Amino acid sequence: MLPGRDPEGLVGTAFIGVAGAFVGGWLSSELLDRPVDNEFFDFATWTAAIGGSLVLLILYRLLFGNSRD
């Protein structure tokens with residue numbers, strides 16, 4: 001979803017993406033009053049998780065550059 005080489009590589013990108021997904025899902029449950037159920041798929045929570053991961057990845061890329069040297 002975010003093309004190009006990231007400054008942190010595959011493992012770092014995955015870690016930041018997972019962290020952003022947790023933050024986005026948590027914000028969705030807290031701010032939008034969407035409780036996290038035991039169901040695997042909840043469209044609003046998944047959308048917030050994907051959005052959270054993209055936001056963290058974009059912020060990281062803006063702070064540390066968009067390619068590895």
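Everything numeric in this text was worked out from a predicted model, so none of it was measured.

K.L.:
Residues and numbers for the environment of S53, please.
P.N.:
The residue S53 is located in helix α2 (residues 43-64) in this model. Sequence spacing of S53 and G24 is 29 residues, and the spatial spacing of their C-alpha atoms is 7.1 Å.

K.L.:
Report on helix α1 (residues 9-31), specifying residues and quantitative values.
P.N.:
Helix length check: α1 (23 residues) gives 32 Å between terminal C-alpha atoms against 33 Å at 1.5 Å per residue, within 8%. Buried residues in α1 make contact with α2. Of the residues flanking the end of α1, it is D33, one or two places downstream, whose phi is positive at about 55°.

K.L.:
Account for the packing of aromatic side chains, with residues named and values stated.
P.N.:
Inspection of the entire model under this criterion finds one aromatic pair. Ring geometry for Y60 versus F64: centroids 4.6 Å apart, planes at 40°, classification tilted. Taken together, the residues span about one helical turn, with Y60 and F64 both in helix α2 at a distance of four residues. Here Y60 falls in the partly exposed class, since its relative accessible area comes to 27%.

K.L.:
Can you lay out the packing of α1 against α2 for me, pointing to particular residues and giving the numbers?
P.N.:
The geometry of a pair of packed helices is captured by two quantities: the angle between their axes and the separation between those axes. Two elements in contact, α1 and α2, have axes separated by 6 Å at closest approach and are oriented at 135°. Taken together, α1 and α2 sit at an angle that is classed as oblique. α2 is crossed by α1, and the crossing has right-handed handedness. Facing T13, I16, G17, A19, G20, A21, G24, G25 and S28 of α1, the residues of α2 in contact are A44, T45, A48, A49, G52, S53, L56, L57 and Y60. Residue composition of the contact of α1 with α2, by class: nine nonpolar, nine polar and no charged.

K.L.:
Talk me through α2; I want residue IDs and the actual numbers.
P.N.:
Residue pairs three or four apart in sequence face the same way in an α-helix, which turns once every 3.6 residues. Between the first and last C-alpha of α2 there are 32 Å, a value that for 22 residues agrees with the 32 Å anticipated at 1.5 Å per step. Within α2, the full set of buried residues consists of T45, A49, G52, S53, L57 and R61. Viewed end-on, α2 has its buried residues packed into an arc of 165°, placing them on one side of the element. Facing away from the buried surface of α2 by more than 90 degrees, the exposed residues are F43 and L62. Elements that come into contact with the buried residues of α2 comprise α1. G65 sits one or two residues past α2 and shows a positive phi near 95°.

Reading guide: rules and limits
- Residues numbered from 1 in each chain as written.
- Predicted model: local features only at pLDDT ≥ 70, side-chain atom pairs only at ≥ 80, totals over all residues.
- Heavy atoms only, no water.
- Helix = DSSP H or I, 4+ residues; strand = E, 2+ residues; numbered from the N terminus.
- Expected span 1.5 Å × (residues − 1).
- Contact = heavy atoms within 4.5 Å.
- Phe/Tyr/Trp six-rings, centres within 6.5 Å; stacked < 30°, edge-to-face > 60°.
- Buried < 20%, exposed > 50% of the residue type's maximum accessible area, 1.4 Å probe, protein only.
- Axes fitted to C-alpha atoms, helices over the stretch in contact; angles between N-to-C directions.
- Parallel < 35°, antiparallel > 145°, perpendicular 65-115°, else oblique.
- Left-handed = near helix turned anticlockwise from the far one by under 90°.
- Nonpolar A, V, L, I, M, F, W, Y, C, P; charged D, E, K, R; others polar.
- Arc of directions from axis to C-beta.

All we've got here are geometric facts, nothing functional implied.
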